[in-house]
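Each chain is listed here by its residues.
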Amino acid sequence: MKDKEVILQLKARNHKTFEELVRELQPKVFNTCLGLLQNEQDAQDATQEVFISVFQSIHTFKGDSKLSTWIYRIAVTKSLELIRMKKRKKRFAFLQPFLKNEDGEFKSEVSYFYHPGVQLEEKERAAILFKAIDQLPANQKTAFLLHKTEDLPYSEIAQIMNVSVSAIESLMVRAKQNLRRLLASYYEKNEK
Amino acid sequence: MEQKEQWINEALNSLNGIKRPEGNPYLHTRIMERLNSAKRQTVPARMIWITTCLLLCISILNIFTIHMLLPKKEQKNELYQLSSELIHKNSFNYN
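Conventions we followed
- Position labels on residues start from 1 in each chain and follow its written sequence.
- Chain letters start at A and ligand numbers start at 1, both assigned in the order the entries are written.
- For this predicted model, a pLDDT threshold of at least 70 governs which residues receive local features, and a threshold of 80 or more governs which side-chain atom pairs are given and counted, while totals over whole chains, interfaces and linings are taken from all residues.
- Secondary structure elements are defined from DSSP: runs of H or I of at least 4 residues count as helices, runs of E of at least 2 residues count as strands, and each element is numbered from the N terminus.
- Neighbour density around each residue's C-beta defines its exposure: 20 or more other C-beta atoms within 10 Å make it buried, 12 or fewer make it exposed, and counts between make it partly exposed, where C-beta atoms are placed from the backbone.
- It is the C-beta atoms, placed from the backbone, that decide contacts: two residues are in contact if theirs lie within 7 Å.
- Those domain boundaries reflect an automatic or database domain assignment.
- Residue polarity follows a fixed list, in which Ala, Val, Leu, Ile, Met, Phe, Trp, Tyr, Cys and Pro are nonpolar, Asp, Glu, Lys and Arg are charged, and the others, Gly among them, are polar.
- Only the contacting stretch of a helix is used when fitting its axis, a line to C-alpha atoms as for every element, and angles between N-to-C directions run 0 to 180 degrees.
- Reported orientations rely on four angle classes, namely roughly parallel under 35 degrees, roughly antiparallel over 145, roughly perpendicular from 65 to 115, and oblique for the rest.
- For a crossing to be left-handed, the near helix must be turned anticlockwise from the far one by less than a right angle; the clockwise case is right-handed.
- What a helix is expected to span follows from its residue count: subtract one and scale by 1.5 Å.
- In this analysis the local bend is the angle between axes fitted, respectively, to the seven residues ending at and the seven residues starting at the residue.
- The nonpolar core criterion groups buried Ala, Val, Leu, Ile, Met, Phe, Trp, Tyr and Cys residues into a set whenever they are joined through C-beta atoms within 7 Å.

J.: I'm lost on the overall build of chain A in this one. Help?
T.: Along chain A, the regular secondary structure elements total eight helices and zero strands. The buried share of chain A, taken over its 192 residues, is 33%. Within chain A, contacts between residues separated by at least 24 positions form 60% of all contacts whose residues are at least 6 apart in sequence.

J.: What should I look at first to understand the overall build of chain B in this one?
T.: A tally of regular secondary structure across chain B gives four helices and zero strands. Counting helices and strands in the order they occur from the N terminus, chain B gives α-α-α-α. Buried positions account for 7% of the 95 residues belonging to chain B.

J.: Mind showing me how you'd approach the domain arrangement of chain A here?
T.: Often, the extent of an interface is quoted as the loss of accessible area on bringing the components together. All names here are of chain A. Partitioning chain A into structural domains gives domain 1 (1-95) and domain 2 (97-192). On a C-alpha basis, the centroid separation for the pair domain 1 and domain 2 is 22 Å. Taken together, the contact between domain 1 and domain 2 spans 13 residues of the former and 14 residues of the latter. Mapped onto the side of domain 1 that touches domain 2, the elements with two or more residues apiece are α2 (15-37) and α4 (67-91). Of the residues forming the side of domain 1 that touches domain 2, the biggest block, six residues, is contributed by α2. Tallied by class, the residues present in the side of domain 1 that touches domain 2 amount to five nonpolar, six polar and two charged.

J.: I would appreciate a short explanation of the packing of α4(A) against helix α7 (residues 154-161) of chain A in the present structure.
T.: Packed helices, taken two at a time, are described by the angle their axes make and the gap between the axes. Residue and element names in this part refer to chain A. Their axes nearest at 8 Å, the elements α4 and α7 cross at an angle of 60 degrees. The pairing of α4 with α7 is recorded here as oblique in orientation. Considering only the axes of α4 and α7, their crossing is right-handed. The segment α4 lies against α7, with Thr69, Tyr72, Arg73 and Val76 engaging Glu156, Gln159 and Ile160. The residue inventory of the contact of α4 with α7, partitioned by class, reads three nonpolar, two polar and two charged.

J.: Help me understand α2(A), please; the structure alone is not making it clear to me.
T.: Side chains of residues three or four places apart in an α-helix project in the same direction, reflecting 3.6 residues per turn. With 23 residues, α2(A) should cover 33 Å at 1.5 Å per step; its first-to-last C-alpha distance of 29 Å lies more than 12% under that length. At Leu25(A), α2(A) shows its maximal kink, close to 50 degrees; a proline, Pro27(A), follows between one and four residues later.

J.: Could you clarify how one ought to interpret α4(A) in this entry?
T.: Residue and element names in this part refer to chain A. Look at α4: 37 Å from first C-alpha to last across 25 residues, which is about the 36 Å you get at 1.5 Å a residue. Restricting attention to buried positions, one finds in α4 the residues Trp70, Ile71, Tyr72, Ile74, Ala75, Val76, Lys78 and Ser79. Contacts made by the buried residues of α4 are with α2, α3 (40-57), α6 (138-148) and α7.

J.: Quick question: what am I supposed to make of the environment of Leu15(B) here?
T.: With respect to the element layout, Leu15(B) can be found in the loop between α1 (2-12) and α2 (27-40). C-beta crowding within 10 Å serves as the criterion here: with 23 such atoms nearby, Leu15(B) is assigned to the buried category. Taking the C-alpha atoms as reference points, Leu15(B) and Ala45(B), 30 residues apart in sequence, are found 48 Å from one another. Every residue in contact with Leu15(B), bar those within four places of it in the chain, is listed here: Val118(A), Ala126(A), Leu129(A), Lys148(A) and Thr149(A).

J.: Explain unusual backbone geometry to me, please; I cannot follow it from the model alone.
T.: It is generally the case that most residues other than glycine have a negative phi and that most peptide bonds are trans. All names here are of chain A. In this structure, Gln38 takes a positive phi of about 55 degrees despite not being glycine. Within the fold, Gln38 resides in the loop between α2 and α3. The phi torsion at Asn162 lies on the positive side, around 60 degrees, for a residue other than glycine. Position of Asn162 among the secondary structure elements: in the loop between α7 and α8 (165-191).

J.: Looking at this structure, I do not really get the nonpolar core. What am I missing?
T.: Buried together is how nonpolar side chains tend to be arranged in soluble globular proteins. With 49 residues, the main nonpolar core has Cys33(A), Val50(A), Ile71(A), Ala75(A) and Leu129(A) as its most contacted residues. Looking at this core, the elements with two or more residues in it are α2, α3, α4, α5 (123-133), α6, α7 and α8 of chain A together with α1 of chain B. Here the element with the most residues in this core is α2(A); it accounts for ten residues. In this structure, this core is formed jointly by two domains, domain 1 (1-95) and domain 2 (97-192) of chain A, each of which donates at least three residues.

And the structure:
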């Protein structure tokens, strides 16, 4: 079904169309949330929130982008909101081990995130990479993950993040530079 | 140095070929349950309490303000005396 037809059906509260949309886009939304949140339960919750938001606010969709682009944007927003909320909760936690010094060295926390979709032989390295990704600024993290885990072109990432393609190129360059620095720090501490 | 760079490059490429995991097969059912329960929900009790407290505070403030603005008994008497004197003076001038 084409986008226009789907949007019309969703606005008319057609449950069958909505069910098909959920079935079709759930893997993309879940994978996006999973990369950002690095926790399967949180990603499940965020995915639910995304589709509820789609159902409730479809009347606000102006059709100036693809429906999937709009839904990706909601997924990114919801995931980043959840990250901010968790950080706020942590700030008030009484017990918080000091893990990071002021030079921005690699945080070596107890748990690593093993993405279920990563190839078996890459699981350990990918877990280290995800730990480094987690320390990137939100916009660099988002651009990098949308490109690497969702295989989206820069043009679509630019639409999702509402910035120019050159801004995405710049974010990717900075993300890779920061990741190299963090991985180098990890290597110095653990792999030598 | 070369070994380090190679390790870093391999780490950066470790997400190549990543697959999308299967999501929750009951997602749609859960979403519809939540949407339907949101429809059935009445005004939450918390909202009622907050509104009641706000109305109470506004009422108390209003009563307090009116009480402060109303002239007191002594002030009323002074005003009455002053107005009587003025009337008396005016009537004296005409006479």
